[in-house]
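One letter stands for each residue in the lines below.
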Amino acid sequence: MKMSLLKKTNIPQILFLILVLGSCGKEIKSTENTAVAVEDTLPKMKPAGPEKRLSVNYINSLQGRISHFYNKNWPNNSMNGSFLVARNGQIIFERYNGYANKNEGTKITAETPVQIASVSKVLTATAVLKLVNAGKLDLDQKVNTILKTFPYEDCTVRMLLSHRSGMRNYAYFTDHDKSVWDRHNQLTNQDILNILATKNVGLESRTGTRFGYCNTNYAMLALIIEKITGLKYKQAMSEMIFKPLGMTHTYIFDDDKDRKTIVPSYKGNGAEIGFDYLDNVYGDKNVFSTVRDLLKFDRARNAPGFLKPALLKEVYTGQSNERKGTKNYGLGIRMINWETGQNFYFHNGWWHGNTSSYIPLMKEHVTIIALSNKMTRNTYAVRKLAPIFGDYPFNFKDEE
């Protein structure tokens, strides 16, 4: 019986089938390994390690002074936002106050992500710098070698990071001329690149000749991140920064999906501010986060091994001081450089009614962050806390 069955069976066909199935298994396994390998080549932030613990006495000695500042700066709990001061990654003082959404009656808490506006530039720059650090990008690489239709021949990645491209702000050149852009349509980063490539919008100044703070630079950097990583900016930021650092309340706003769920912003009089045609552009803005998540980000940025020493030095070297003065800009960070040799690093933000301030006092390992979704300049006053921790020779009387 067995012999007759074998005779009827086509043994070469069976062997061929076994061979094909075996090779398919190997191919699937190989593909899976390749996918893992590609993912593993993406440079990622690493959480900060343990830092020196602060004593209870030290924390108590500072809380009164910070509380006094808080009450003076935002009298009667008038801050609509979140505020945090930490040292060595340990929170010394934090406050959450006001409405996340007035219509719904929801209050701002430690877990409420708000639009951090131009502080987003620090995060975008960090992703770019990690790609440079990993050898996937060069600081002095010309932008048109990455974004093929980018029209300004002499512009480099460094110039985008330090606002020396000479480009005009996309909010201005898309605002009035319908032949450039129809404001009934949502503008995207790719649209901006297309406009630069096809419409003669011109430059504000000759490329590389002077500093000119411009959101267009960071919209282009977001496209560069996408081109180099092969991921959408939203996913690249999540994989490189947010997930590795446990920033669970941080995300990139998607105007097509998140309009109904985000924390809205308000004018100073409490009126809600609506959306406009610029709200889909990212890189320069559109990170939503919390002060605690940004503290995790700050400590990782200031941890050993964040970047190679030579690259890290360039980040905090002023690139944009044509005229002698104290104000300067590095690679994704603002700075004040005093003649004493003392340096103060920070970045502020404003978009619609959202205002933000991020201050890393690097020598003192101190982090100061304030975020608000109600229009106020008081957010920027948190720099007044810097002299508590070090010799920062501000003349605050000039600002009163």
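Model, not experiment: these values are computed from the prediction.

Cut-offs and rules
Note that residues are indexed from 1 along each chain, following the sequence as it is written. Local features in this predicted model are restricted to residues of pLDDT 70 or higher, and side-chain atom pairs are both shown and tallied only at a pLDDT of 80 or more, whereas totals for entire chains, interfaces and linings draw on every residue. Values reported for side chains reflect all heavy atoms of the structure, with hydrogen atoms and water molecules removed beforehand. Helix and strand definitions here come from DSSP, where helices need a minimum of 4 consecutive H or I residues and strands a minimum of 2 consecutive E residues; each element is numbered from the N-terminal end. Relative accessibility decides the category of a residue: with a 1.4 Å probe and only protein chains considered, values under 20% of the type maximum give buried, values over 50% give exposed, and everything between is partly exposed. Should any heavy atoms of two residues lie within 4.5 Å, those residues are counted as being in contact. Reported accessibility uses the Shrake-Rupley method at a 1.4 Å probe radius. Residues are deemed covered only where the shown protein chains occlude them. To get an axis, fit a line to the C-alpha atoms, keeping to the stretch in contact for a helix; angles then go from 0 to 180 degrees between the N-to-C directions. Should an angle fall under 35 degrees it is called roughly parallel, over 145 degrees roughly antiparallel, and 65 to 115 degrees roughly perpendicular, with every other angle called oblique. Side-chain classes are defined by residue name, with Ala, Val, Leu, Ile, Met, Phe, Trp, Tyr, Cys and Pro counting as nonpolar, Asp, Glu, Lys and Arg as charged, and the others, Gly among them, as polar. By definition here, a salt bridge exists when the distance from a side-chain nitrogen of Lys or Arg to a carboxyl oxygen of Asp or Glu is within 4 Å. Residues are called lining when one of their atoms sits within 4 Å of a cavity or pocket point, these points coming from a 1 Å grid over the protein atoms alone, where a cavity is a set in which a 1.4 Å probe fits but cannot get out and a pocket is an open set with protein on both sides within 12 Å along at least five of seven lines. Grid points are joined across faces, edges and corners, and a volume is the space filled by probe spheres set on the points. To define a nonpolar core, start from buried Ala, Val, Leu, Ile, Met, Phe, Trp, Tyr and Cys residues and group those joined through side-chain atoms within 4.5 Å. Each pair of strands is called paired provided DSSP finds at least two bridges between the two strands. Each Phe, Tyr or Trp ring, with Trp reduced to its six-membered ring, pairs with another whose centre is within 6.5 Å; inter-plane angles below 30 degrees give stacked pairs, above 60 give edge-to-face pairs, and intermediate values give tilted ones. The span one expects for a helix is its residue count, reduced by one, times 1.5 Å.

Things to note about the overall build of the protein
Secondary structure assignment for the protein yields twelve helices and 14 strands. Looking at the protein residue by residue over its 400 residues, the buried ones come to 52%. Across the protein, contacts joining residues at least 24 apart in sequence account for 67% of those joining residues at least 6 apart. Accessible surface, the protein: about 20,100 Å² in total, of which carbon and sulfur atoms supply 53%.

Quick word on helix H9 (residues 233–242)
Burial runs high along H9: eight of the ten residues are buried. Three or more residues of H9 are buried, namely Tyr-233, Ala-236, Met-237, Ser-238, Glu-239, Met-240, Ile-241 and Phe-242. Contact partners of the buried residues in H9: helix H4 (120–133), helix H8 (215–229), strand E6 (251–252), strand E9 (287–289) and helix H10 (291–301).

Points about the packing of H8 against H9
In the contact formed by H8 and H9, the axes pass within 9 Å of each other and the chain directions differ by 75°. In terms of orientation, H8 lies roughly perpendicular with respect to H9. Judged by residue contacts, Ala-222, Ile-225, Glu-226 and Thr-229 of H8 engage Tyr-233, Ala-236 and Met-240 from H9. Of the residues belonging to the contact of H8 with H9, the class tally is five nonpolar, one polar and one charged.

Looking at the environment of Ile-388
Among the structural elements, Ile-388 can be located in helix H12 (residues 386–389). Ile-388 sits 322 residues away from Ile-66 along the chain, and the two C-alpha atoms are 8.9 Å apart. Residues in contact with Ile-388, not counting those within four places in the same chain, are Leu-62, Arg-65 and Ile-66.

Quick look at the pattern of salt bridges
Enumeration according to the criterion identifies 13 salt bridges in this entry. With a shortest N-O distance of 2.9 Å, Glu-51 and Arg-299 are connected by a salt bridge. Within this pair, whereas Glu-51 is found in the loop between helix H2 (11–40) and helix H3 (56–73), its partner Arg-299 is found in helix H10, the two being separated by 248 residues in sequence. A salt bridge links Glu-239 to Lys-243; its shortest N-O distance comes to 2.9 Å. Glu-239 gets classed as buried once you look at its relative accessible area, which sits at 17%. Note on Lys-243: relative accessible area 55%, which makes it exposed.

Considering the layout of surface pockets
For the second largest pocket, the calculated volume is near 470 Å³. Taken together, 24 residues form the lining of the second largest pocket, with Asn-169, Ala-171, Tyr-172, Tyr-213 and Asn-215 sitting closest to its centre. Of all elements in the fold, only helix H6 (170–173) and strand E12 (343–351) reach the threshold of two or more residues within the lining of the second largest pocket. Considering every element that reaches the lining of the second largest pocket, the biggest residue donor is H6, with three residues.

Description of the nonpolar core
Judged by nonpolar contacts, the single largest core of 84 residues is most densely connected at Leu-123, Phe-150, Leu-161, Met-220 and Ile-241. Excluding residues that lie within four positions of it along the chain, Phe-150 makes contacts with Val-143, Asn-144, Cys-155, Met-167, Leu-193, Leu-196 and Met-220. Core analysis: the second largest hydrophobic core is formed by 29 residues, Ile-66, Ile-92, Val-382 and Phe-389 among them.

Some details on the sheet that holds strand E5 (residues 114–115)
Reading across from one edge, E5-E9-E6 is the order of the three strands in this open sheet, with antiparallel pairing throughout. Every interior strand has two partners, whereas the edge strands, E5 and E6, have only one. In the sheet, E5 pairs with E9 via two bridges, with the strands oriented antiparallel. Paired with Gln-115 across the bridge in E9 is Phe-288.

Let's talk about the sheet that holds strand E13 (residues 354–361)
The seven strands lie next to each other as E2-E1-E14-E13-E12-E11-E10, forming an open sheet whose pairing is antiparallel. Of all strands in the sheet, those bounded by a partner on one side alone are strand E2 (90–97) and strand E10 (327–329). On average, each strand axis in the sheet is tilted by 15° relative to the strand beside it, whichever way the strands run. Strand direction decides the pairing type here: E13 and strand E14 (residues 366–372), joined by seven bridges, are antiparallel.

Considering the pairing of E12
Most of E12 is tucked away: seven of the nine residues are buried. Examined bridge by bridge, strand E11 (residues 334–337) and E12 share four bridges and lie antiparallel to one another. Bridge assignment links Arg-334 to a residue of E12, and that residue is Phe-346. Connecting E11 to the next strand, E12, in antiparallel fashion are five residues, including Gly-341 with a positive phi near 95°.

A word on the packing of aromatic side chains
Within this structure, the stated rule accounts for 20 aromatic pairs. Ring centres 5.5 Å apart and planes at 85° place the aromatic pair Phe-150 and Tyr-152 in the edge-to-face group. Judged on exposure class, the residue Phe-150 and its partner Tyr-152 are both buried. Ring geometry for Tyr-213 against Tyr-329: centres 6.3 Å apart, planes inclined by 65°, an arrangement best described as edge-to-face. With Tyr-213 in the loop between helix H7 (189–198) and H8 and Tyr-329 in strand E10, this pair connects stretches of sequence that are 116 residues apart.

What about H8?
Its 15 residues place the ends of H8 22 Å apart at the C-alpha level, agreeing with the 21 Å of an ideal helix rising 1.5 Å per residue. By the criterion of burial, H8 is predominantly enclosed, with 13 of the 15 residues buried. Of the residues trailing H8, Gly-230 is marked for its positive phi of about 75°.

Coordinates in, geometry out; function isn't part of it.
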